[in-house]
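# Report on the structure
Chain by chain, the residues run as shown.
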Amino acid sequence: MKKSILFITGSIFLLCFASAKNNFLTPPSIKNSNVLKGTFSGTLTDAKTGKGVSGASIYITDIKSGTSSDNDGNFSIKNIPEGNHLIEVSHIGYTTIAENIMVSADTKKDFVLSESVVENNAVVVTGVSGATQLKKIPFAVSVLRKQDFLQNTSTNIIESLTKIGGVSTLSTGPAISKPVIRGLSYNRVLTINDGVRQEGQQWGDEHGIEVDEASVNKIELLKGPASIIYGSDAMAGVVNIITNVPVQNNTIKANISSNFQTNNKLRTLNANIGGNKNGFNWNIYSSNKAAEDYKNKYDGPVYNSKFNEHNTGGYAGYNGNWGYTHLLVSNFNLKAGLTEGERDAAGYFIKPVAGGGDTRVTDADFKSTTPQIPYQHIRHFKIATDNSVKINNNRLTFNIGFQHNQREEFGNIDDLNERALFFDLKTITYTGQFHFAEKNNWKTSIGVNGMQQNNTNKGVEQLIPDYNLFDIGTYVYTQKTIKKTTLSGGVRYDSRNASIKNLLDGGSVKGAAFTRSFSNFSGSVGVASQLTEKLNLKFNAARGFRAPSIPELASNGAHEGTIRYEYGDANLKSETSLQFDGGLEYNAEHLSFGITAFLNHFNNFIFYRKLESFAGGDSLVNVNGNNLTAFKFDQRKASLAGFEFTMDIHPHPLDWLHIQNTFSFVNGRFAEAIEGSKNIPFIPAPKLVTEFKGDFKKISKTVQNFYTKVELDNTFTQTNIFTAYNTETRTPGYTLLNAGIGADFISKKGNQLFTLNFSAINITDVAYQNHLSRLKYAAENLATGRTGVFNMGRNFSVKLNIPLNFSLAN
């Protein structure tokens, strides 16, 4: 710990020293008169009609300030710090424009918007030190906006990401999904929420992402190692969730939305209101969800897959010409049933009864939205400050966050209030970046980030011990633009110390206390080159790092959510990886395609495998009368390789039609066979999604941004399985037919009244099991001989979104 404290002190000293060398130590006054400010204004017009484009977003990411164009296409942003800013102009149905503009006292520029084919020019902040055009980033980043979430149907925010090539989910029913990026998940995928790394119980199968989906404005998903910016746990990629987007100055905006889904009677109601008065801006939201047990044609209603969720949050802050400061607060509250799949000899779901024994589940049980034993209760509170300060022509950004994650698991039918497990996790995160002014097309930043974490067990049982963890890393990252080629790269050093206490079983010790330290150097180098106006080439090489998680090191126990008994290994080493990935993108008026390939070599790849008993067969551990299969964490050399291919045909003269195909493939192999198998377990199956979509900007004066689509979701058979100790089984392929339709409805004055979206998922009611569904390994149905529980059947969804806008006097 002392070494870590010295390390962070030294890092801060280096930041201050660098600032002093460049005479940047003088802090800016919050008085606007001490900092030069400018105004940026202009007009947006349609490339074909020449008419003004209303409702477009003009946004400056680095200062979190923006506006919308009026009915004539005019816009104006005031109180901007003078200097070079990356401006993003976006609107549904149009190609995003991203352009660096020098803003001075009164800067004007008009933009002409063309119809979009695919999103290839968005402004992103993930994996880089500051806002950057997507085409200048050497690795794969995909962007989904709020409009995309409205048009897609899912039961949680992570399921929406599966539309992106190379992205899958590891699910435990409709309420819990974890992102899987190119075959990797758990602690190898890092979630960032408004600049703060999300720290919950992300190491487990049944632990999802504790973020309110209704408050999300944008998600940036990075595929590949991002350890250089984020440190440990970003080996597979990053899911960057952005909710904090201030409304334009002197405006109040409110939004009411709801969603109803027929399969599990999911109903949601969300409301938020935000305002901005002369730079003081704020937002408040509330979100509620409830769902009954979902259904499929093989299982009928799936007992205890129900859930309910209640979230609140918001922020308040000030944006000035010197920068901004925001205080963010959120509270996530989820109760989710844990489906075990137990049935009687006739195939009916059963539930435990007080005093012992079991009984058949009733129709009232299926229709309830209150989870029954066993279930989990997850609460996640977060408060963080997000700041950006202009220092001469440079910029200092920093945030500090506190998170309190409480996960309770209830499994005793004779004592409904008994917490079998209760993880009480408290985390303090910190990030600081100093962005030097761009000079000779060089953009350089130095930074430091890390966390302090404490976990305490408050339940009857312990799966992992109490522990304290301290983590810190420092890095330098730079970009150089030479004409239409951008070179980028950097280096980073990380240190992590974990003090792990005794693992207790009642009054006895079943796991001795120990201390572990991990450190590592990471780095990356990449190039993005615009070979022609239509052709873009990318290549990146990166070294990733991940320290073993506490469960991987020290677990020794079982809980209701996993249907298994886990053993950790205190001697595990850090995972390191070397990944190469390259991509080629072509974008023309009527055709666009992109292909990205990757090769990822791992040293000390950590995975869990079944244990074999001395007598042969699975090793079983009896817990409270139930025999659970034993698993143990292990590690080997391994590699993963694959590619994603996307093609969008936009045929002339049917300019409204998009025919998009997305194919994903990944294969994971150990360097040496384990019991005759080299396949890495739980790799997603190959997938091809074909979508026919019609986009119509204007049907009439009252109906705009109309779309209709039909989608074929083809998932292939997964035969590349880890057969050692019967850890994994083959999964048959399947095809789902989906469809959607929706539009914005406009008033006579040109204001948006509401948006209505209809969608249908699995129209033909296919009974299928996703290869990464944990419920695939639930108990056998003795009446049918089928093992496990199947995924959701036919589902229809309707979404209503009502925006409200009010102007305030200057």
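Cut-off values and rules
Residues numbered from 1 in each chain as written. Predicted model: local features only at pLDDT ≥ 70, side-chain atom pairs only at ≥ 80, totals over all residues. Heavy atoms only, no water. Helix = DSSP H or I, 4+ residues; strand = E, 2+ residues; numbered from the N terminus. Rg over C-alpha atoms; globule rule 2.2 N^0.38 Å. Buried < 20%, exposed > 50% of the residue type's maximum accessible area, 1.4 Å probe, protein only. Contact = heavy atoms within 4.5 Å. pLDDT = per-residue confidence, 0-100. Pairing = 2+ DSSP bridges. Patch = residues over 30% accessible without salt bridge, like charges linked within 9 Å, V, L, I, M, F, W, Y side chains within 5 Å. Areas by Shrake-Rupley, 256 points an atom, 1.4 Å probe, with all protein chains shown as cover. Salt bridge = Lys/Arg side-chain N within 4 Å of Asp/Glu carboxyl O. Phe/Tyr/Trp six-rings, centres within 6.5 Å; stacked < 30°, edge-to-face > 60°. Core = buried A, V, L, I, M, F, W, Y, C linked by side-chain atoms within 4.5 Å. Axes fitted to C-alpha atoms, helices over the stretch in contact; angles between N-to-C directions.

## Some points on the overall build of the protein
- For the protein, the helix and strand inventory stands at 5 helices and 49 strands.
- Against the 2.2 N^0.38 benchmark of 28 Å for 810 residues, the protein shows a C-alpha radius of gyration of 26 Å, consistent with a compact globule.
- Each of the three principal axes of the protein carries a C-alpha extent, and together these read 80 × 65 × 45 Å.
- With 810 residues in all, the protein has 58% of them scored as buried.
- For the protein, the proportion of contacts with a sequence separation of at least 24, taken over those separated by at least 6, is 66%.

## Describing the confidence of the model for the protein
- Taken residue by residue, the protein gives an average pLDDT of 87. The fraction at 70 or more is 92%.
- Every residue in residues 1–33 scores below 50 in pLDDT, and together they form 43 contacts with partners more than four places removed in sequence or on other chains.

## A few points about unusual backbone geometry
- Of the consecutive residues Ile373 and Pro374, the connecting peptide bond is found in the cis state with omega at -5°.
- Mapped onto the secondary structure, Pro374 falls in the loop between α4 (363–367) and β27 (375–391).
- Cis geometry is adopted by the peptide bond preceding Pro653, which originates at His652 and carries an omega value of 10°.
- The backbone phi angle of Lys265 is positive, close to 55°, even though this residue is not glycine.
- Topologically, Lys265 is positioned in the loop between β18 (251–261) and β19 (266–277).

## Overview of the sheet that holds strand β14 (residues 189–193)
- Taken in spatial order, the 5 strands of this open sheet run β11-β16-β17-β14-β15, and their pairing is mixed. The sheet is open, and its two edges are formed by β11 (140–145) and β15 (196–197), each paired on a single side.
- Relative to strand β16 (residues 218–223), β11 runs antiparallel, the two being bridged by 6 bridges. Residue pairing for β16: Ala140 is matched across the bridge by Lys223.

## What about the pairing of strand β6 (residues 97–103)?
- Across 7 bridges, the pairing between strand β5 (residues 83–90) and β6 is antiparallel. By the bridge assignment, Ile87 is partnered in β6 with Glu99.
- Joining the antiparallel neighbours β5 and β6 is a turn of 6 residues, in which Gly93 adopts a positive phi near 90°.

## Some words on a nonpolar patch on the surface
- Together, Leu327, Val329, Phe381, Ile400, Phe402 and Ile428 make up a nonpolar patch on the protein surface, roughly 460 Å² of accessible area in all.
- At the level of secondary structure, the elements contributing two or more residues to the nonpolar patch comprise β24 (323–337) and β28 (394–410).
- Mapped onto the secondary structure, Leu327 falls in strand β24.
- Look at Leu327 and you get partly exposed, because its relative accessible area is 43%.

## Quick word on the packing of aromatic side chains
- Inspection of every chain in the model, using the stated rule, returns 23 aromatic pairs.
- Judged by centre distance (5.5 Å) and plane angle (55°), the ring pair of Phe40 and Phe75 falls under tilted. With Phe40 in strand β1 (residues 37–46) and Phe75 in strand β4 (residues 74–81), this pair connects stretches of sequence that are 35 residues apart. For the pair Phe40 and Phe75, a shared accessibility class is recorded, and that class is buried.
- Between Phe643 and Phe663, the ring centres sit 5.7 Å apart and the planes meet at 45°, which makes this aromatic pair tilted.

## Topic: the pattern of salt bridges
- Counted according to the given criterion, the structure contains 31 salt bridges.
- Taken together, the shared-partner salt bridges connect Arg188, Arg546, Glu552 and Glu575 into one network.

## Thoughts on the nonpolar core
- Formed by 33 residues in total, the largest nonpolar core has its most connected members in Leu161, Ile219, Val239, Phe605, Leu640 and Phe670.
- Contributing elements (two or more residues each) for this core: β16, β17 (237–242), β40 (591–610), β42 (626–649) and β43 (657–674).
- Looking at this core element by element, the count peaks at 4 residues for β40.
- If near-sequence neighbours (up to four positions away) are discounted, Val239 is found in contact with Leu161, Pro179, Ile181, Val189, Leu190, Thr191, Ile192, Ile219, Glu220 and Leu221.

## Points about the side chain of Ser90
- Tracing the backbone through its elements, the reader meets Ser90 in strand β5.
- If sequence neighbours within four positions are ignored, Ser90 has contacts with Ala56, Ser57, Thr96 and Arg145.

## Focus on the sheet that holds β6
- Strand order in the open sheet formed by 4 strands is β3-β2-β5-β6, with antiparallel pairing between adjacent strands. Both edges of this open sheet fall to β3 (65–68) and β6, since each of them pairs with a single strand only. Pairs of neighbouring strands in the sheet enclose a mean axial angle of 25°, with direction left out of account.
- Note that strand β2 (residues 57–60) and β3 share 4 bridges and pair antiparallel. Counterpart to Ile58 in the pairing with β3 is Thr67.

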